[in-house]
Amino acid sequence: NNEKSVPQLLIRDLKFEKKSLAKPMFSPDQENHPSKAPVKYGELIVLGYNGSLPNGDRGRRKSRFALFKRPKANGVKPSTVHIACTPQAAKAISNKDQHSISYTLSRAQTVVVEYTHDSNTDMFQIGRSTESPIDFVVTDTVPGSQSNSDTQSVQSTISRFACRIICERNPPFTARIYAAGFDSSKNIFLGEKAAKWKTSDGQMDGLTTNGVLVMHPRNGFTEDSKPGVWREISVCGNVFSLRETRSAQQRGKMVENETNQLQDGSLIDLCGATLLWRTAEGLARTPTVKHLEALRQEINAARPQCPVGFNTLAFPSMKRKDVVDEKQPWVYLNCGHVHGYHNWGNKEERDGKDRECPMCRSVGPYVPLWLGCEAGFYVDAGPPTHAFSPCGHVCSEKTTAYWSQIPLPHGTHTFHAACPFCAHQLAGEQGYIRLIFQGPLD
């Protein structure tokens, strides 16, 4: 009622202030234009990279890729089916403006499924090819490789057009994954050797050579997460149990009650690289790089000391994550005692790999500790108290416990747990160890 006696300007300011408090938080580059903030569907993060690629992130080749709502929908959906070598089928294949999937059944018969524009979805394509239809270029991950020089000589097992993700443009912005991506001629070709079949409703479906595997964790991507079951996704997005080996001709059994819908924490394996899908909501609950930096400063502020040299230890800054620093903490992986680097207890006859801990005399590997800088891999915001073995990447206890239970595909038919920050296969009983720091004596 007293509004009249208050200057209009003030009232306007008060109202504006209320509004601005409710404004959602955006990343710094969007803060200046909150009205133009694009809708983010989620992010794909490649396992094995601790925040960026060894030679730096460049263009479409980087360690994480954000999927934003496109200015104009580019999704496609199946429409007409052509059977055999009719002129229509040939035209559909050669038409550069029409998406299509060709299933070669024999030399005499090809089924071509035409795809038409879908104004309700956005399509994102992932693969090894650097051709323009690929949005996110992914190369084979070499465990623990700090430089890309030795990675290119390996014959890649990742498909050039490996998979596509289709996101609904309207809430809840559901994201679905499909095997295979469209090439520069807007075609997907499944040759004679690829596993393919006719579905009960008369449609065609198939699998790619090395397959696209997906695992949805149970209980989402939280500190209560548990590993799910690995499945294979078909070209049409159906879910199957795994083949005997990656490229076996015989498909697995169809899993009726599961879908190709990605959820926060879903893992996508392309046979050579594994990607973690994080939803926008999931990322909003995840610790930020700022938070990890604060935890690093907090642990350094406690001035942990080397029990042998009594020198103060400090985790190097996140930017210097590959160069061993003289203050760098080192750990004995069998017992978890943290030291500075020293030559004490070197066992020459053991190839210099194993060392005896001066604190407890247990013998085992002795490695430098590195902070896990890729925030997207953390299941909680806990302090960096545990390290993966044998690589020495440090993060929260719940995060080490979660990743040590995940069987990641390796090669064509084996699985093993690995450190998400460097892709090294985990060793030891648990795959990780609790760190025992010594505080300053004063």
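Naming follows an unreviewed UniProt entry, where the protein chain appears as PELI1 ligase of Sterrhoptilus dennistouni. The record in UniProt for the protein chain states the following under Sequence similarities (unreviewed entry): "Belongs to the pellino family."

Enquirer: Looking at this model, I keep getting lost on unusual backbone geometry. Mind explaining?
Expert: Glycine aside, negative phi is the norm for most residues, and most peptide bonds take the trans geometry. The step from Pro171 to Pro172 runs through a cis peptide bond, and the omega angle for that step is 5 degrees. Within the secondary structure, Pro172 is located in the loop between β8 (163-168) and β9 (175-179). You will see that Ala180, though not glycine, has its phi angle at about 75 degrees, which is positive. Residue placement: Ala180 occurs in the loop between β9 and β10 (187-190). Taking relative accessible area as the criterion, Ala180 reaches 5% and is therefore assigned buried. Positive phi, normally seen in glycine, also occurs at Cys271, with a value near 60 degrees.

Enquirer: Looking at this structure, I do not really get the sheet that holds strand β6 (residues 121-127). What am I missing?
Expert: Whether parallel or antiparallel, the strands of a sheet pair through hydrogen bonds between backbone atoms. Spatial ordering of the open sheet is given by β7-β6-β8-β9, a layout of four strands whose pairing is mixed. In the strand order of this sheet, the two ends are held by β7 (136-137) and β9, each with one partner. The sheet contact formed by β8 and β9 spans five bridges and is antiparallel. For Ile165, the partnering residue across the bridge sits in β9 and is Ile177.

Enquirer: How should I be thinking about empty space enclosed by the protein in this particular structure?
Expert: A probe matching the size of a water molecule, rolled over the atoms, marks out where space remains unfilled. As enumerated under the stated definition, the model contains four cavities of 30 Å³ or more in all. Around the largest cavity sit 11 residues that line it, and Tyr49, Leu53, Lys62, Val138 and Thr139 are the ones nearest its centre. Each residue belonging to the lining of the largest cavity can be placed in one class, and the counts come to seven nonpolar, two polar and two charged.

Enquirer: Which parts of the structure should I look at to understand the side chain of Thr208?
Expert: As for its placement among the helices and strands, Thr208 is situated in the loop between β12 (204-206) and β13 (212-215). Other than its neighbours up to four places away in sequence, Thr208 contacts Ala179, Ala180, Glu232, Val235 and Arg243.

Enquirer: I keep staring at the layout of surface pockets and nothing clicks. Help me out?
Expert: Taken as a whole, the second largest pocket encloses approximately 490 Å³ of empty space. As for the second largest pocket, its lining consists of 24 residues, and the residues nearest its centre are Thr141, Gly272, Pro409, His410 and Gly411. Counting residues per element, the lining of the second largest pocket draws most heavily on strand β25 (residues 408-410), at three residues. Of the residues assigned to the lining of the second largest pocket, the class counts are 11 nonpolar, 10 polar and three charged. Three or more residues apiece are contributed to the lining of the second largest pocket by two domains, here domain 1 (40-142 + 155-285) and domain 2 (289-434).

Enquirer: What exactly am I supposed to notice about helix α5 (residues 289-301) here?
Expert: Taking 1.5 Å as the rise per residue, α5 with 13 residues should run 18 Å; its terminal C-alpha atoms sit 18 Å apart, in good agreement. When we look at burial in α5, the residues that qualify are Leu292, Leu295, Arg296, Ile299 and Asn300. The buried residues of α5 all sit within an arc of 135 degrees when viewed along its axis, so they share a single face. Turned more than 90 degrees from where α5 packs its buried face, Lys290, Glu298 and Ala301 sit exposed. Residues of α5 that are buried sit in contact with β22 (370-371). A positive phi of about 50 degrees marks Arg303, the residue just after α5.

Enquirer: Sorry, what's going on with the packing of aromatic side chains here?
Expert: Between two aromatic rings, the relevant description is the distance of the centres plus the angle of the planes. Using the criterion set out here, one finds 18 aromatic pairs in the structure. Pairing Trp230 with Phe415 gives two aromatic rings, centres 6.5 Å apart and planes at 45 degrees, and the pair type is tilted. Placement of the pair is Trp230 in the loop between β13 and β14 (231-233) and Phe415 in strand β26 (residues 414-416), with a sequence separation of 185 residues. Assessed through its relative accessible area of 34%, Phe415 is described here as partly exposed. Ring geometry for Trp330 versus Tyr366: centroids 5.1 Å apart, planes at 35 degrees, classification tilted. Here Trp330, found in strand β18 (residues 330-332), pairs with Tyr366, found in strand β21 (residues 363-368); they are 36 residues apart in sequence, far enough to count as distant. Tyr366 shares its class with Trp330; the two are buried.

Each value, and the rule that gives it
- Residues numbered from 1 in each chain as written.
- Predicted model: local features only at pLDDT ≥ 70, side-chain atom pairs only at ≥ 80, totals over all residues.
- Heavy atoms only, no water.
- UniProt positions renumbered as here; feature names shortened; annotations may be inferred.
- Helix = DSSP H or I, 4+ residues; strand = E, 2+ residues; numbered from the N terminus.
- Buried < 20%, exposed > 50% of the residue type's maximum accessible area, 1.4 Å probe, protein only.
- Pairing = 2+ DSSP bridges.
- 1 Å grid on protein atoms, 1.4 Å probe; cavity = no way out; pocket = protein on both sides within 12 Å on 5 of 7 lines; lining within 4 Å.
- Points joined across faces, edges and corners; volume = space filled by probe spheres on them.
- Nonpolar A, V, L, I, M, F, W, Y, C, P; charged D, E, K, R; others polar.
- Contact = heavy atoms within 4.5 Å.
- Domains from an automatic or database assignment.
- Expected span 1.5 Å × (residues − 1).
- Arc of directions from axis to C-beta.
- Phe/Tyr/Trp six-rings, centres within 6.5 Å; stacked < 30°, edge-to-face > 60°.

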